[in-house]
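Structural features, examined
Spelled out from the first residue to the last, the chains are:
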Amino acid sequence: MKYRELGRTGKKVSVLGFGCMRLPILGGSDNPYDTLNPEKFIDEEKAGEMIRYAFENGINYFDTAYRYHTGQSEVFLGRALRPIRDKVLLASKLPVWMVESPDDFDRILDEQLARLSTDYLDVYLLHGLSGKHWEKVRDLGVMGFLERARADGRIRHHGFSFHDRPEVFREIVEYAPWDVCLIQYNYLDVEFQAGRSGLEYASEKGIGVMVMEPLRGGKLAGRAPAAVMEEWAKTIIRRSPVEWAFLWLWDQPQVCMALSGMSSMDQLEENIRIAGEAGTGILRKEDKDIISRVREIYLSRSKIGCTGCGYCLPCPSGVNIPWNLSLYNNLFMFDEEELSTMIYNHILPPGERALNCVECGRCETLCPQKIPIIRELKNVEKTLGRKD
């Protein structure tokens, strides 16, 4: 395992971090969005094996949040890390959308510490900041709370994860001497949200920048269209799409860590193997040019910018929004019309299909990507729904 300095924290962090958002679930579903279903419980035996394997192979950063697996993730991770708590960096996140008064800051943090069976968090992030949420918690005194929590030992380092426009990112970065930040970044999202400019700006400020969605919700790991595979075939060194995605990130010195939400031992083993190759300067100019062409191919085919983060869940009407949008995107990005249609009509549970949307709009207020979900769900049903 390779390690990098985490900004000005003085900590060294494994280049691959373990995100506990998509842990394996009971029932063995291969669908990543099932892990976000409140009725699906963590397969603690498999997940525990993965946590132990990750630690034994050098991963020292474990990330969770209040809402992951509807609260089960924090509880499970606390138990799983108990024997090695002082040997790892444990991170969780403040659900800023739940904060209504200054008293909520301490109440929620103390609840999370109890869930995690720990007295302190190595990293505490404001979760999924947008301009609206940032203004609310800023005005309620969140920075004073974070400094008090650091002074009394409940947290060691503070930061934020981010989903909004570049100008909002700069405003937040400039507001306080943050220790770390977590941004969505991969070779498709170079100019999306914080993007490369945000990565470089925060790094210049001494902030340790960690990356989420390195495989864009798994989309960069799956089946690739013929045009993409033709580009990969032009490289001198043959690598899998997963390898190209991770090595593109780790080639950039500003990226301290790529946080991956792994849901199987196979994924974990593969990612650890690739992390062993991490390094700046590993990609040639010709490799980077090919990755740029791959990006343009994908972006020209994608219809919806959904990353499968699951913030829109649970839907009051039971619609599995990420799964629906993923099927729609896959149809266009990967030429999977027959497969996407079959899955929508025969595998996706009837109650979770797009046609159940009642247009309440809750999902659109929560979506970090600002997707017009109601409209897109109508497109999903129109395109994939049975015509007989």
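In this report, we go over the structure that sits alongside the text. (Residues numbered from 1 in each chain as written. Predicted model: local features only at pLDDT ≥ 70, side-chain atom pairs only at ≥ 80, totals over all residues. Heavy atoms only, no water.)

**Some remarks on the sheet that holds strand 7 (residues 155-162)**
- Spatially, 3-4-5-6-7-8-9-10 is the arrangement adopted by the eight strands of the closed barrel, whose pairing is parallel. If you compare each strand with its neighbour and ignore which way they point, the axes differ by 30 degrees on average.
- The sheet contact formed by strand 4 (residues 61-63) and strand 5 (residues 89-94) spans three bridges and is parallel. Looking across to strand 5, one finds that Phe-62 is bridged to Leu-90. (Pairing = 2+ DSSP bridges. Helix = DSSP H or I, 4+ residues; strand = E, 2+ residues; numbered from the N terminus. Axes fitted to C-alpha atoms, helices over the stretch in contact; angles between N-to-C directions.)

**Examining the side chain of Ser-161**
- Along the chain, Ser-161 falls in strand 7.
- Accessibility expressed as a relative area gives 1% for Ser-161, which makes it buried.
- Ser-161 has contacts with Lys-93, Leu-125, Leu-126, His-127, Gly-128, Leu-129, Leu-182 and Met-212, leaving out every residue within four places of it along the chain. (Buried < 20%, exposed > 50% of the residue type's maximum accessible area, 1.4 Å probe, protein only. Contact = heavy atoms within 4.5 Å.)

**A short note on the nonpolar core**
- With 89 residues, the main nonpolar core has Phe-18, Leu-126 and Trp-250 as its most contacted residues.
- The biggest single contributor to this core is helix 9 (residues 241-250), with eight residues.
- Residues in contact with Phe-18, not counting those within four places in the same chain, are Leu-23, Met-50, Ile-51, Ala-54, Ile-59, Tyr-61, Phe-62, Asp-63, Leu-259, Ser-260, Met-262 and Leu-268.
- Ranked by size, the runner-up nonpolar core spans 23 residues in total, among them Val-319, Leu-327, Ile-371 and Leu-377. (Core = buried A, V, L, I, M, F, W, Y, C linked by side-chain atoms within 4.5 Å.)

**Details of the side chain of Arg-4**
- Along the chain, Arg-4 falls in strand 1 (residues 3-5).
- Despite its burial, Arg-4 remains without a salt bridge, the nearest opposite charge being carried by Asp-251 at 7.4 Å.
- Separated by 2.7 Å, the side chain of Arg-4 and the backbone oxygen of Val-255 make a polar contact.
- Aside from chain neighbours lying at most four places away, what touches Arg-4 is Lys-11, Lys-12, Val-13, Val-15, Trp-250, Gln-252, Pro-253, Val-255, Cys-256, Gly-279 and Thr-280. (Lys, Arg positive; Asp, Glu negative; His and termini not counted. Salt bridge = Lys/Arg side-chain N within 4 Å of Asp/Glu carboxyl O. Polar contact = N/O pair within 3.5 Å; in protein donor to acceptor, adjacent residues only side chain to side chain.)

**Quick notes on the pattern of salt bridges**
- One pass over the full model with this rule turns up 28 salt bridges.
- For Glu-74, the salt bridge goes to Arg-115, with nearest N and O atoms at 2.9 Å. Taken together, the residues Glu-74 in helix 2 (residues 72-81) and Arg-115 in helix 3 (residues 103-115) connect sequence positions 41 residues apart. Considered together, Glu-74 and Arg-115 belong to a single accessibility category, that of buried residues.
- Residue Arg-107 is joined to Asp-104 by a salt bridge in which the shortest nitrogen-to-oxygen separation is 3.3 Å. Residue Arg-107 and its partner Asp-104 are both found in helix 3; the two are separated by three residues, about one turn of the helix.
- Each of the salt bridges in this network shares a partner with another, and the network as a whole consists of Asp-106, Asp-110, Arg-148, Asp-152 and Arg-154.

**Details of a nonpolar patch on the surface**
- Together, Leu-339, Met-342 and Ile-347 make up an exposed nonpolar region whose accessible area comes to about 240 Å².
- Structurally, the position occupied by Ile-347 is in helix 13 (residues 337-347). (Patch = residues over 30% accessible without salt bridge, like charges linked within 9 Å, V, L, I, M, F, W, Y side chains within 5 Å. Areas by Shrake-Rupley, 256 points an atom, 1.4 Å probe, with all protein chains shown as cover.)

**Quick word on the packing of helix 13 against helix 15 (residues 373-384)**
- Direction vectors running N to C along helix 13 and helix 15 enclose 105 degrees, while the axes themselves pass 10 Å from each other. Taken together, helix 13 and helix 15 sit at an angle that is classed as roughly perpendicular. Contacts between helix 13 and helix 15 involve Ser-340, Thr-341, Tyr-344 and Asn-345 from the first element and Val-380, Glu-381 and Leu-384 from the second.
- Here the contact of helix 13 with helix 15 is composed, by residue class, of three nonpolar, three polar and one charged. (Parallel < 35°, antiparallel > 145°, perpendicular 65-115°, else oblique. Nonpolar A, V, L, I, M, F, W, Y, C, P; charged D, E, K, R; others polar.)

**Here we look at unusual backbone geometry**
- Put simply, Leu-313 and Pro-314 share a cis peptide bond, and its omega is -5 degrees.
- Mapped onto the elements, Pro-314 comes out in the loop between helix 11 (285-301) and helix 12 (321-333).
- The residue His-69 is not glycine, and still its phi comes out positive at about 50 degrees.
- Mapped onto the fold, His-69 is located in the loop between strand 4 and helix 2.
- Relative accessible area serves as the criterion here: at 3%, His-69 is assigned to the buried category.
- In this structure, Glu-359 takes a positive phi of about 65 degrees despite not being glycine.
- Tracing the backbone through its elements, the reader meets Glu-359 in the loop between helix 13 and helix 14 (362-366).

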